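Here is how the chains run, residue by residue.
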Amino acid sequence: MDGVDKEKVQRVVYEMSKGSKYFENEKRREALVMQKIQHMKSQSALLTDSDVKNHEKAADIKIKNLETQRDLSRIWMHVDLDAFYAAVETLENPTLAGKPMAVGGMSMICTANYEARKFGVRAAMPGFIACRLCPDLIFVSPNFEKYTSYSEKVRQVFHDYDPNFLARSLDEAYLDITDQCLSRNMSSEEVAEELRRRVYDLTGLTCSAGVAPNRMIAKVCSDVNKPNGQFIVPNDRAAVMAFVSSLPIRKIGGIGKVTERILKEVLSVSVCEDLIDKRGLISALFSSISTDFFLSVGLGIGGSTTPVEEPRKSLSCERTFSEISHEDGLFAKLEELADNLARELESEELQGRTITLKLKTATFEVRTRSLTLPFLVCRKEDLLIHASKLLKAELPLSLRLMGLRVSHFQGDSSFLNQRTLAEYFSVGNSAGSGSSEISLASGSSVVPSFTAEVSDKSAELSQKNGKNTDGTNSKIRDGTLVDCFFQGTDSGSALDCPPLLKEMRWIDDLQCSLCKLEIPSFLETERQEHVDFHFAELLQRRYADGFDLEAGSQGVETQTRRHLSQPYKGTLSKRGHIDRAIDSKGKRKCLSIDAFFSKD
Ligand code: DCP
Ligand code: MG
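Because the structure is predicted, anything quoted here is derived from the model rather than measured.

Procedures and definitions
- Residues numbered from 1 in each chain as written.
- Chains lettered and ligands numbered in written order.
- Predicted model: local features only at pLDDT ≥ 70, side-chain atom pairs only at ≥ 80, totals over all residues.
- Heavy atoms only, no water.
- Buried < 20%, exposed > 50% of the residue type's maximum accessible area, 1.4 Å probe, protein only.
- Helix = DSSP H or I, 4+ residues; strand = E, 2+ residues; numbered from the N terminus.
- Pairing = 2+ DSSP bridges.
- Near = heavy atom within 4 Å.
- Polar contact = N/O pair within 3.5 Å; in protein donor to acceptor, adjacent residues only side chain to side chain.
- Areas by Shrake-Rupley, 256 points an atom, 1.4 Å probe, with all protein chains shown as cover.
- Nonpolar A, V, L, I, M, F, W, Y, C, P; charged D, E, K, R; others polar.
- Donors = N, O, S within 2.8 Å, 3.2 Å for Na, K, Ca; no water.
- Tetrahedral: all angles 85-135°; square planar, octahedral: opposite > 155°, others 65-115°.
- Salt bridge = Lys/Arg side-chain N within 4 Å of Asp/Glu carboxyl O.
- Axes fitted to C-alpha atoms, helices over the stretch in contact; angles between N-to-C directions.
- Contact = heavy atoms within 4.5 Å.
- Parallel < 35°, antiparallel > 145°, perpendicular 65-115°, else oblique.
- Phe/Tyr/Trp six-rings, centres within 6.5 Å; stacked < 30°, edge-to-face > 60°.
- Lys NZ or Arg CZ within 6 Å of the ring centre and 35° of its normal.
- Disulfide = S-S within 2.5 Å.

Student: Just to check I follow, could you spell out the pairing of strand 2 (residues 101–104) for this structure?
Tutor: Look at any regular strand and the pattern is simple: side chains alternate between the two faces of the sheet. Alternating residues of strand 2 divide into M101 and V103 and A102 and G104, and every residue in both groups is buried. Bridge count for strand 2 against strand 4 (residues 138–140) is three bridges, and the pairing is parallel. By the bridge assignment, A102 is partnered in strand 4 with F139.

Student: Would you explain the site of ligand 1 in this entry?
Tutor: Surrounding ligand 1, one finds 14 residues, the nearest of these being D80, A83, T111, Y114 and R117. Measuring from an oxygen atom of ligand 1, one finds a backbone N or O atom of A83 at 2.8 Å. At 3.4 Å from a nitrogen atom of ligand 1 is found a main-chain nitrogen or oxygen belonging to C110. When ligand 1 sits alone it has 550 Å² of accessible area, and the protein chains cover 68% of it. Among the secondary structure elements, those contributing two or more residues to the shell around ligand 1 are strand 1 (76–81), helix 4 (84–92), strand 3 (109–112) and helix 5 (114–117). Across the shell around ligand 1, the residue classes break down as eight nonpolar, one polar and five charged.

Student: It is not clear to me how the coordination of the magnesium ion (ligand 2) should be interpreted in this structure. Could you clarify?
Tutor: For a metal bound by four donors in a tetrahedral arrangement, the ideal donor-metal-donor angle is 109.5 degrees, while six donors in an octahedral arrangement ideally sit at 90 or 180 degrees. Bound to the magnesium ion (ligand 2) on the protein side are D80 (OD), L81 (O) and D171 (OD), at distances that span 2.0 to 2.2 Å. Between the six donor atoms coordinating the magnesium ion (ligand 2), the angles at the centre fall across 79 to 178°, so the site counts as octahedral. Every donor residue of the magnesium ion (ligand 2) comes from the same chain, spaced as D-L-x89-D. Taken together, the residues L81 in strand 1 and D171 in the loop between strand 5 (166–169) and strand 6 (172–176) connect sequence positions 90 residues apart. Here L81 falls in the buried class, since its relative accessible area comes to 3%. Here D171 falls in the buried class, since its relative accessible area comes to 14%.

Student: Explain the pattern of salt bridges here, please?
Tutor: Opposite charge on two side chains allows them to pair when their charged atoms are near. Here the structure, examined in full by the defined rule, presents 28 salt bridges. Linking E67 and R70 is a salt bridge whose minimum nitrogen-to-oxygen distance equals 3.0 Å. By relative accessible area, R70 is classed as buried at 14%. Measuring nitrogen to oxygen at the nearest pair gives 2.6 Å for the salt bridge that ties D160 to R198. Placement of D160 in helix 7 (residues 144–161) and of R198 in helix 9 (residues 188–203) is noted, with a sequence separation of 38 residues between them. Taking relative accessible area as the criterion, D160 reaches 42% and is therefore assigned partly exposed. What makes R198 partly exposed here is its relative accessible area of 34%. One connected set of salt bridges, linked through shared partners, spans E30, R261 and E265.

Student: What exactly am I supposed to notice about the sheet that holds strand 4 here?
Tutor: Remark on secondary structure: sheet strands pair via backbone hydrogen bonds, oriented parallel or antiparallel. Taken together, three strands build an open sheet; the order of strands is 3-2-4 and the sheet is mixed. A single partner strand is all that each edge strand has here, and the edge strands are strand 3 and strand 4. Going from strand to strand, the sheet's axes swing by 30° on average, the running direction of each strand aside. Relative to strand 3, strand 2 is paired through three bridges, and the arrangement is antiparallel. From the neighbouring strand, A102 faces strand 3, where its bridge partner is A112. Seen against the sheet, helix 4 touches strand 2, strand 3 and strand 4 and runs at an angle of roughly 110° to strand 2.

Student: What am I meant to see in the packing of helix 11 (residues 237–245) against helix 15 (residues 288–299) here?
Tutor: Think of two packed helices as two axes; the pair is described by the angle between the axes and how far apart they sit. Their axes nearest at 8 Å, the elements helix 11 and helix 15 cross at an angle of 110°. Taken together, the axes of helix 11 and helix 15 lie roughly perpendicular to each other. Where helix 11 abuts helix 15, its residues V240, M241 and V244 lie against V297, G298 and L299. In the contact of helix 11 with helix 15, the residues fall into five nonpolar, one polar and no charged.

Student: What is the right way to read the packing of aromatic side chains from this model?
Tutor: The geometry of an aromatic ring pair is captured by the separation of the ring centres together with the interplanar angle, meaning the angle of the planes. In total, this model carries nine aromatic pairs according to the counting rule given. Look at F158 and F165: their rings are 5.7 Å apart centre to centre, the planes differ by 70°, and that puts the pair in the edge-to-face class. For F158, a relative accessible area of 3% corresponds to the buried category. Feature note: the residues F84, Y85, F144 and Y147 constitute an aromatic cluster, connected by ring pairs. Its end group placed over the ring of Y114, R117 keeps NZ or CZ at 4.2 Å from the ring centre. Positioned above the aromatic ring of W76 is the side chain of R215, whose terminal nitrogen or guanidinium carbon lies 4.7 Å from the ring centre.

Student: Quick question: what am I supposed to make of the side chain of H78 here?
Tutor: Mapping H78 onto the fold places it in strand 1. Only 2.6 Å separates the side chain of H78 from the side chain of E172, close enough to count as a polar contact. Polar contacts involving the side chain of H78 include one to the side chain of S222, which spans 2.8 Å. Sequence-distant contacts of H78, that is, excluding residues within four places in its chain, are made with E172, A173, Y174, S208, A209, G210, A218, K219 and S222.

Student: Can you walk me through helix 10 (residues 215–222) in this structure?
Tutor: Three or four residues apart is the spacing at which side chains of an α-helix point the same way, because the helix has 3.6 residues per turn. Of all eight residues that make up helix 10, seven are buried, and the element is covered over most of its length. Turning to helix 10, its buried residues number three or more, namely R215, M216, I217, A218, V220, C221 and S222. Here helix 10 starts with a cap whose side-chain oxygen sits 3.2 Å from the backbone nitrogen of M216, and that cap is N214.

Student: When you look at the state of the cysteines in this model, what are you seeing that I'm missing?
Tutor: By definition, a disulfide links the sulfur atoms of two cysteines through a covalent bond. Scanning the model with the defined rule gives zero disulfides in all. No disulfide involves C131; its nearest neighbouring cysteine sulfur is the one of C134, lying 8.2 Å away.

Written out as structure tokens, the structure reads:
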């Protein structure tokens, strides 16, 4: 973005997206981030100097441990092709060379060449905004077959340098070049130059490379001299520390826009070195896993051994499209996905039990809906039957993305440990008032519920921070639909909560206790959506099971309605009541999850 008039770009993007659904969604997200920042600031204000000192000591122990894991024996290279899709299109049509062009359409751009980037045009920008920024912009429609075929050629070269190279996408990969350097008595710089030349000779594409003792730093390095360049951090602790000391935290994979803002605004952390300086506060305010991650970033320590290849856990495909709300159109998309996925399952000889439907609505809300079958499926027809049920339950809908995933393949028995929602309900319902606890079968890894009385300040702080007094993490994120529920009770006590969601927590700050899905804590939006999903699912099922959310005859359900209708005004429906959906046999129909989600 050097030389780009950033102010102009920001102004144009703001003016052209103002009032759009995307813009409204961004505003909602912004409000949540602000809420999170305020919450963390108030947590921070509660800390005494001695609290911080104690946390610093704990962080110092972690740092000592991390240092023992520092490995300077391997040489990693990260390679990333330059303006990949755009470069392929230019090779196929040389008249595009030197002219600003983008791959994509008016609704979204996949990438732009470097000439267009000078105007501020970039990936994931709507094409109509790109046109305003660069009126001469040429659009080319994407052709994924072409990109896959070029990627295969590039991978042939990668294979010669590291047969176990780790491909991260069509245009990037990590290679362990230690053996190349040793056996051919070449420096890492020479190996990188040779590899880049060979990629160019074979395909006509340029790429950039980064070399470092671990993958985290190598990835940052490949961006330093992009395009068509390389950058090396030698295998030496001092060199690594010097490189990360002034490195902006945002350059690190895993630190996105939201984490960057939280670290900046709450802790005044902007470069990696600050993560070590602020280790006491970081340890006090973040989970153990996040603290470990931030400290290893500050020390420049990343993965240096080739990960053992795990058997595939799932197979999926998804499509982004311009808004579709017509039922036929939505089911046609689903059929297309089922067809595609069935072919891939067939080619990999896989069959799975769990089908997951991912939906991104026109208002940019992402939802996932799953069902686990008692038998294996792989045929298009089977996928379609079950996925259609999931889609049907969501109608009416207006979508811009749909995805389909199959998981729990033959041989994967992890789903057997999962309790179904029905089981939770049966235990919960037998408790009547919802005051009893449900203990999960998986035992010690499941942390205790957070119903314990909080007596002192540090315990309160830990509790708010998602940590139990024993240091384990339990609380689900703040600012979620569930939070409204927890905090909205008259007594303010978590004891009034219904049993299902009292039991929902992030095991080891990673895994959802209800469905075992793993979502790291820094993926905050995804976590929030996941919690909201379980909560809506609970309400939907309860309603379908015959509980009356309105009559107030069931204690728990009365609470449900009261608390949902507080911060999420109109949650139950914009008309202020739930439709009494009765089918032709006089049975209550399952309400769309939308009924519980619709916001004013
Ligand atoms: N891509 C996409 N949508 C995005 C980002 C990328 O479809 N939001 C596609 C198009 C890119 C390709 O993936 O060409 C590789 O992504 P990169 O982030 O590596 O971007 P480029 O290779 O285009 O550019 P760079 O030179 O910055 O690597
Ligand atoms: Mg690239």
